[in-house]
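The lines below spell out each chain.
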Amino acid sequence: MAGMEKLKNVVREPNVVELKPWKSIHKEIKEPMITSLGGFDVPDNVMSMGFARITEPVCMGSPTHKHPHDQWIYLIGEADSFDKLDADIEMTLGDKVVKINYPCYVFIPKNVMHCPLDVKRVGKPFIFIDARVTEEASVRPEKVAKHVPVKYIANPRKKK
């Protein structure tokens, strides 16, 4: 992956960033990944996300660690079947090792010890997503506002 050592996303329009492939910080991930880097890409952006395609067993995130921000790890099937995960994964979360063989996300609250994420078996390649917000955005207000749930309705395209 020569030439992909540094992330080189391109801001195309205000708040629109072209994602460029780059080499993962996890040397075990062989394929290029894409990553948004929050405020480094767009000022005032508090979220960063990294996307990688996992094709073989890998152990990431060692040693067990914590962050001063919230984090989400998504483990999903590829585009043809997001709802299927053919892999065996173990992840340390707090003082427990969680066994995963289904599509999911793992919410890791700030300051919770976590990892390694140990992919023991890959029957079919899958997508790994690492999402996090900044420390400033990881707040726990004393009172959480109540919101009326939004009802989403599909808007089918009209045929011409």
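See the structure above.
Owing to the predicted nature of the structure, the values given are computational and were not obtained by experimental measurement. (Residues numbered from 1 in each chain as written. Predicted model: local features only at pLDDT ≥ 70, side-chain atom pairs only at ≥ 80, totals over all residues. Heavy atoms only, no water.)

Can you lay out the overall build of the protein for me, pointing to particular residues and giving the numbers?
Counting secondary structure elements, the protein contains zero helices and eleven strands. Mapped in sequence order, the helices and strands of the protein form the string β-β-β-β-β-β-β-β-β-β-β. Viewed in the frame of its principal axes, the protein has a C-alpha envelope of about 45 × 45 × 35 Å. Buried residues in the protein amount to 32% of all 160 residues. Within the protein, contacts between residues separated by at least 24 positions form 66% of all contacts whose residues are at least 6 apart in sequence. (Helix = DSSP H or I, 4+ residues; strand = E, 2+ residues; numbered from the N terminus. Buried < 20%, exposed > 50% of the residue type's maximum accessible area, 1.4 Å probe, protein only. Contact = heavy atoms within 4.5 Å.)

Run through the sheet that holds strand 4 (residues 47–54), naming residues and quoting values.
Spatial strand order, 3-4-11-6-9: five strands in an open sheet with antiparallel pairing. With partners counted over all chains shown, the strands left at the sheet margins are strand 3 (34–37) and strand 9 (104–108), one partner each. Sheet twist, expressed as the mean angle between neighbouring strand axes with direction ignored, is 10°. Here eight bridges tie strand 4 to strand 11 (residues 126–133), and the two strands are oriented antiparallel to one another. If you follow R53 over to strand 11, its bridge partner there is I127. (Pairing = 2+ DSSP bridges. Axes fitted to C-alpha atoms, helices over the stretch in contact; angles between N-to-C directions.)

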